[in-house]
Structure formats: C-alpha cells, structure tokens
Amino acid sequence: RVSLRVLQNPGAASAPRLTRELFEELGATFVKLGQLVASSPTIFPEAWTSEFEKTLDGAPPVPFATVKKVVEKSLGKRLSAAYATFDETPLATASVAQVHAATLRGSGRRVVVKVLKPDVADTLGADLAFLNGAAALLEAVAPETKRVSLRDVAAQLRDATLQELDLREEAARLSSFSAFLDDAGLAGDCAVPTPVLELSSEQVLTMERFDGSRLVDATAGPDAEAAVATVIRVWARSVVEHDFFHADVHGGNVLLLNDGRVGLIDFGIVGTLPAAVYGAVIRLAGAFNAQPRDYVGLATALRDMGIVDGGAAFEADAFAADLANAFAAAEANDAAALAADVIRVSEANNLVLPREFGLLTKQAIYLNRYVSTLAPDLDPFAQDLVGGAPPVAP
C-alpha cells in the first residue's frame, strides 16, 4: 500500500517519508539501503538523505535469550564463564546488531558487547540478490538519480554489508585506528574502544566501555568547542593519512568522554579513497585553502575526481566562475552549505562526483552540525587540517 502511494506520486513531499517507512517494513537489507541513501548526498536529493537519516538509529531488539544463545555459540563458552555480568536490556540496537553492557570475570572491567542478530546474515544474503530491483524502485521514485548507476550503489552496499557481518573486521579497524591516533600524536585528544580479542568472534565484539556522553548533548562553550575542533582534526587527518576514515560520524557515534577526550565508536561503516580520488582530494584541499582561493584549482580537482556526464562538454573556467559565485553567496564557515553548493554546481556543469565524495560530504554535514550548535565561533577552515602520507595500500 505504501509503495503504491509512492509510485503514484513520486514527486510528492511525502514520498521520502513513505519510502523510508516501506524500507523499514521490508527489513534489515532495505534499512541498510536506506542508510546508504542517507550517506549519498551526491546521488540523492537533500529531502531524501535527511529523511533516511532516521534509519541510522533505532531498531526492534531481539530477546535476551536469543542474544545469550548467539554469544555462547559464537564464543564456545557459557555466558557466565565469559562475563561476570551481562545486562539483559541492550544499550542500543540497530538493523544488524545490538549492544549490551557487561563486566569481565576476574578484573571486573566494564565493557560493551556487540552481538550480531541471529539469522541476519541469511536474511541479508537473500535480500541482497534483489538489490537491482531496489535500485530500479529508487530510480522510479527519484528520477534524477538515473544519471548515476544505482547498480554500482547496490554493489557498494553489498560489500559494506558483508563487512558488517564479520565483527572481527570491526575489531581490526578499532586496533588500526588506535594505532593511527598514536602515530599521529592525537591519542591524547581522541580515543576508540580497545577490543577484547579473546571475547570477540565473527558474531561477537567485546570492547572497552567509555565513560561519557554524546557530544551532541553537550552545552556550547570552550570545552565543547575544543572537542568539536578535535573531531574535525582527527577525521580530516584520517581521510588523508590513514587507510580508512570513519564514515558515520553522526551524533550517536561521537562521545565527549569524562576525561576530556573525544571518543569515536562504531566502525562498522568506514570509507576509503581510491588513489585517483585521494589525489584529487589533496589538490582540492590545497586549492580551497589557498589565499586567495584557487577556484580554477577547485574546478580542476573536482573534474579529476568525477566523471563528465554522458561525454558532455566541460569548461573548467566556467565551472570555476560558478563555484566562486556559489561560495560568495554561502554563509561563512558553513561546511554543509559549501558541500551542497559544490554538488549543485558540479551537476550544473555536467559533472558526476563519485560516491567517495558523497561519503566525505555527508561527514562534512554532520561535522558542520557540531560547529553550528556547539562551537559557532569556530572556523573549521582556519587551520590546515589536511595533509600527510598517502593511504596505506590494502
């Protein structure tokens, strides 16, 4: 019934909401597809990406008895032998997994335990076979997306989802990112949870529990401003200095810890930059930070990053002039507005930007929200936050 209403009037203001509700009814795979929509502002209109942000948090929990069976089977030991305590009520639940508080035997150390929901792998595997159909549906309700191959989007969703189904991969990312923070001299300002490898498996991830609160719940002031600056600095440096960056820095995944550091959690979704995109991002940053700003350099870097739609004509000077006009009209230091302008002007100049740029843009939008609400006097472009060595080859 919902799908029929959407298809009858795909341009209606209610279409994004109705489609999001439909996806939630269809289950985990379509919720993941909705999350991909939320993280793809270069592909989907703002009304759609904003609506589908609601798929990032919240899902019905599975019963504790089921969680207990998954943990015991995956770890090969009774729950009481692995943990001194294990809270039956989850701290958080999502489409693929849910998180419980626990303490370790012997040490009493406080941890959180992320547990994959049972049968989710089978469900996702079956549903992923139908993603071409889902891509066709999206093209029907958002015709402007036809300029991009949604089959490629579906393939990216498949790859990302399969990674989320092995929590050993997330444990490895936590260790890798912690090493990056140490090497970059950022560990005094930012932390990620330390995994407990002996109590982790494909379906279970036990890790350090942070003491703190969500950064978005902080009160604007010097401490909050310093924390926002740290988040921007850490994330921006990871984009160019590490082999992956956190690709989901929405409010639930960034904490202000009691010791004053910033905590980043949930590395289930990360982004990487192919060599060509990486080089273009470096040139883009250099052109943006140049004094005066190098709009021809910006235009050229964006061209190198993207694809000229359908072989249409591309004029770098005209593109540069459009960028200059758009940036002049944008509010100072508004990263979200600047990102939206880059996408809009690129499209007007027949340029299709890659999904990786969409991931970067979405994180810029999240980061901009921290600036606008918690650190309105912070200039996120005042310092050169981008630089360093190329990403590590896989």
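Quantities reported herein were computed from a predicted structural model and do not represent experimental measurements.

**So, helix 13 (residues 295-305)**
So, step 1. Within helix 13, the full set of buried residues consists of Gly-297, Leu-298, Ala-299, Ala-301, Leu-302 and Met-305.
So, step 2. The opening residue of helix 13 is Asp-294, an N-cap whose side-chain oxygen sits 3.4 Å from the backbone nitrogen of Val-296.

**Some details on the nonpolar core**
So, step 1. By size, the foremost hydrophobic cluster in this structure holds 76 residues, and its most contacted members are Phe-177, Leu-215, Val-228, Leu-264, Leu-302 and Leu-323.
So, step 2. Considering every element that reaches this core, the biggest residue donor is helix 11 (residues 222-241), with 11 residues.
So, step 3. Once you skip the residues sitting within four places of it in the chain, Leu-264 turns out to touch Phe-177, Cys-190, Ala-191, Val-192, Pro-193, Phe-210, Val-234, His-246, Asn-253 and Val-254.

**Focus: the packing of aromatic side chains**
To describe a pair of aromatic rings, you give the distance between the ring centres and the angle between the ring planes.
So, step 1. Summed over the entire model, instances satisfying the criterion amount to nine aromatic pairs.
So, step 2. Pairing Phe-177 with Phe-267 gives two aromatic rings, centres 5.1 Å apart and planes at 50°, and the pair type is tilted. In this pair, Phe-177 sits in helix 10 (residues 167-183) while Phe-267 sits in the loop between strand 10 (262-264) and strand 11 (270-271), placing the two residues 90 residues apart along the sequence.
So, step 3. Note on Phe-177: relative accessible area 0%, which makes it buried.
So, step 4. Take Phe-267: its relative accessible area is 0%, and that puts it in the buried class.
So, step 5. An aromatic cluster is built from Phe-177, Phe-180, Phe-244 and Phe-267, whose rings are joined through pairwise contacts.
So, step 6. Sitting over the ring of Phe-288, Arg-293 keeps its end group 3.8 Å from the ring centre.

**Description of the environment of Ala-340**
So, step 1. Secondary-structure assignment places Ala-340 in helix 15 (residues 335-348).
So, step 2. The sequence separation of Ala-340 and Thr-361 amounts to 21 residues, and the corresponding C-alpha distance is 8.1 Å.

**Some remarks on the packing of helix 11 against helix 16 (residues 355-374)**
So, step 1. The N-to-C vectors of helix 11 and helix 16 enclose an angle of 165°; their axes lie 9 Å apart at closest approach. Between helix 11 and helix 16, the angle falls in the class roughly antiparallel. Between helix 11 and helix 16 the crossing geometry is left-handed. Of helix 16, the residues touching helix 11 (which contributes Ala-224, Glu-225, Val-228, Val-231, Ile-232, Trp-235 and Val-239) are Leu-360, Gln-363, Leu-367, Tyr-370, Val-371 and Leu-374.
So, step 2. A per-class count over the contact of helix 11 with helix 16 returns 11 nonpolar, one polar and one charged.

Quick notes on the rules
Residues numbered from 1 in each chain as written. Predicted model: local features only at pLDDT ≥ 70, side-chain atom pairs only at ≥ 80, totals over all residues. Heavy atoms only, no water. Buried < 20%, exposed > 50% of the residue type's maximum accessible area, 1.4 Å probe, protein only. Helix = DSSP H or I, 4+ residues; strand = E, 2+ residues; numbered from the N terminus. Polar contact = N/O pair within 3.5 Å; in protein donor to acceptor, adjacent residues only side chain to side chain. Core = buried A, V, L, I, M, F, W, Y, C linked by side-chain atoms within 4.5 Å. Contact = heavy atoms within 4.5 Å. Phe/Tyr/Trp six-rings, centres within 6.5 Å; stacked < 30°, edge-to-face > 60°. Lys NZ or Arg CZ within 6 Å of the ring centre and 35° of its normal. Axes fitted to C-alpha atoms, helices over the stretch in contact; angles between N-to-C directions. Parallel < 35°, antiparallel > 145°, perpendicular 65-115°, else oblique. Left-handed = near helix turned anticlockwise from the far one by under 90°. Nonpolar A, V, L, I, M, F, W, Y, C, P; charged D, E, K, R; others polar.

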